[in-house]
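# Notes for the structure review
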Amino acid sequence: MKKHKGSGGASWMDTYGDMVTLLLCFFVLLYSMSTIDQQKWVQLVQSFNPDAIHEITENKGNNGQIADPTTPVDGDQSENNVTTQQQVDQALEQLYLDLQMYVAQQGAAENISVTKGGGYVFISFNDAVFFDGDSYVLRSDGEEVLDEVGEIIRKAAPAIDELRVLGHTAQGDPNKPNNPSTDRFLASNRATVVLVYLQEMNILDPARMISMGYGQFRPVAENDTREGRAKNRRVELIVTGLDIASTLGDGIEQYYTERGTQAPISAETRADGAAVG
């Protein structure tokens, strides 16, 4: 009886197909790792080793460069990454969540509050965080707070239109307004000191950073109690996002439009240490 040879031609094709499928999955996995969210990656590493030190990690991203995932991209390059309003809104939402997490981790809810609205994030610090009474000298523990908050703001820099620092005072005598000179200078100096500290951290284009002193005239509580005056003595940060659809442009462009002139330099302020005129 004649034996028929078995047909094994298809078996090698099955093996080959499985291998190609595995290679495809492997490259998809590599691609997904190359675009991983940096913050989530850091959180993942810390979950395995809370004491891990963030060292420079070779992370090859879509832009082809090797970078430290905890280090922000260069200013000009990062700003080009924000091209849609959805990206701006997502960046502000993440900023709000990161600030909320920081306040919760520090147990600082009594001294720091974070709220948000349409296109902005609002941070309020009572005076005990940064300054002693009737002083505008930044305390060392206040510097530590600004170090943390500044780094959080840095991550949202490409989506930020303006960072405004507002200084407020309390009316010392409920029946008598403060001396205007002392009141205004104290509020303005406190706002300016905070802004200068953040500017020296190089977290944002200085042209987008503004300080304002309101004095006693924007209270949030009554001045007839010690607790009320403590609430009124505060420094606030308002972070506003870019309005991509605005025909007037961002805050810098609007300034020159309202002034009726063109900016003498690009939107980015020179950082060449030119002398103040």
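The structure reproduced in this document is the subject of the present report. These figures come from a predicted structure and were not determined experimentally.

### Quick notes on the packing of aromatic side chains
- Evaluated as defined, the whole model comprises two aromatic pairs.
- With centroids separated by 4.8 Å and ring planes inclined at 45°, the aromatic side chains of Phe 125 and Phe 130 adopt a geometry described as tilted. Like Phe 130, Phe 125 is buried.
- With centroids separated by 6.1 Å and ring planes inclined at 75°, the aromatic side chains of Phe 130 and Phe 131 adopt a geometry described as edge-to-face. Neither residue differs from the other here; Phe 130 and Phe 131 are each classed as buried.
- Here the aromatic cluster, defined as three or more aromatic residues joined through ring pairs, consists of Phe 125, Phe 130 and Phe 131.

### Examining the pattern of salt bridges
- Counted by the stated rule, this structure contains nine salt bridges.
- Asp 127 is paired through a salt bridge with Arg 233; the nearest N and O atoms lie 3.2 Å apart. Of this pair, Asp 127 sits in helix 5 (residues 127-130) while Arg 233 sits in the loop between helix 8 (226-232) and strand 7 (234-241), and the two are 106 residues apart along the sequence.
- As a salt-bridge pair, Arg 154 and Glu 151 come within 3.0 Å of each other at their nearest N and O atoms. Pair noted here: Arg 154 and Glu 151 are both in helix 6 (residues 140-155), with a separation of three residues, about one helical turn.
- Through salt bridges that share partners, Asp 132, Arg 139 and Asp 141 make up one connected network.

### Topic: the packing of helix 4 (residues 85-106) against helix 6
- Orientation of helix 4 relative to helix 6, taken along the N-to-C sense of each, is 160°, at an axis distance of 9 Å. Comparing their axes, helix 6 and helix 4 come out roughly antiparallel. For helix 4 against helix 6, the interelement crossing comes out right-handed. Residues Leu 95, Asp 98, Leu 99 and Tyr 102 of helix 4 form the contact with helix 6, whose participating residues are Val 145, Glu 148, Val 149, Ile 152, Ile 153 and Lys 155.

### With respect to the sheet that holds strand 6 (residues 209-215)
- Spatial ordering of the open sheet is given by 3-4-7-5-6, a layout of five strands whose pairing is mixed. At either margin of the open sheet sits one strand with a lone partner, and together these are strand 3 (112-117) and strand 6. Neighbour-to-neighbour, the strand axes of the sheet open up by a mean angle of 15°, direction not taken into account.
- Two strands pair when backbone bridges link them, and strand 3 and strand 4 (residues 120-126) are joined in this way by six bridges, in the antiparallel orientation. In the strand pairing of strand 4, Ser 113 is matched with Ser 124.

### Structural notes on the nonpolar core
- Ranked by internal contacts, the top residues of the largest apolar core, which has 38 residues, are Phe 130 and Leu 237.
- When contributions to this core are tallied by element, the ones reaching two or more residues are helix 4, strand 3, strand 4, helix 5, helix 6, strand 5 (160-168), helix 7 (180-200) and strand 7.
- It is helix 4 that contributes the most residues to this core, six residues altogether.
- Apart from the residues within four sequence positions on either side, Phe 130 is in contact with Phe 125, Val 137, Leu 138, Arg 139, Gly 142, Val 145, Leu 146, Val 194 and Val 235.

### Description of a negative patch on the surface
- On the surface, Glu 143, Glu 144, Asp 147 and Glu 148 cluster together into a patch of negative charge.
- Relative to the helices and strands, Glu 148 is located in helix 6.

### Things to note about the side chain of Ser 135
- Among the secondary structure elements, Ser 135 is positioned in the loop between helix 5 and helix 6.
- Here Val 137 takes part through its backbone nitrogen, which lies 3.0 Å from a polar atom of the side chain of Ser 135.
- With sequence-adjacent residues up to four places away left out, Ser 135 is seen in contact with Leu 186 and Arg 190.

### A short note on the environment of Val 137
- With respect to the helices and strands, Val 137 occurs in the loop between helix 5 and helix 6.
- A relative accessible area of 56% means that Val 137 is categorised as exposed.
- Residues Val 137 and Arg 190, 53 residues apart in the sequence, show an inter-C-alpha distance of 7.8 Å.
- Here Val 137 is in contact with Phe 130 and Phe 131, once residues within four sequence places are set aside.

Criteria and thresholds
- Residues numbered from 1 in each chain as written.
- Predicted model: local features only at pLDDT ≥ 70, side-chain atom pairs only at ≥ 80, totals over all residues.
- Heavy atoms only, no water.
- Phe/Tyr/Trp six-rings, centres within 6.5 Å; stacked < 30°, edge-to-face > 60°.
- Buried < 20%, exposed > 50% of the residue type's maximum accessible area, 1.4 Å probe, protein only.
- Salt bridge = Lys/Arg side-chain N within 4 Å of Asp/Glu carboxyl O.
- Helix = DSSP H or I, 4+ residues; strand = E, 2+ residues; numbered from the N terminus.
- Axes fitted to C-alpha atoms, helices over the stretch in contact; angles between N-to-C directions.
- Parallel < 35°, antiparallel > 145°, perpendicular 65-115°, else oblique.
- Left-handed = near helix turned anticlockwise from the far one by under 90°.
- Contact = heavy atoms within 4.5 Å.
- Pairing = 2+ DSSP bridges.
- Core = buried A, V, L, I, M, F, W, Y, C linked by side-chain atoms within 4.5 Å.
- Patch = residues over 30% accessible without salt bridge, like charges linked within 9 Å, V, L, I, M, F, W, Y side chains within 5 Å.
- Areas by Shrake-Rupley, 256 points an atom, 1.4 Å probe, with all protein chains shown as cover.
- Lys, Arg positive; Asp, Glu negative; His and termini not counted.
- Charge placed at Lys NZ, Arg CZ, Asp CG, Glu CD.
- Polar contact = N/O pair within 3.5 Å; in protein donor to acceptor, adjacent residues only side chain to side chain.

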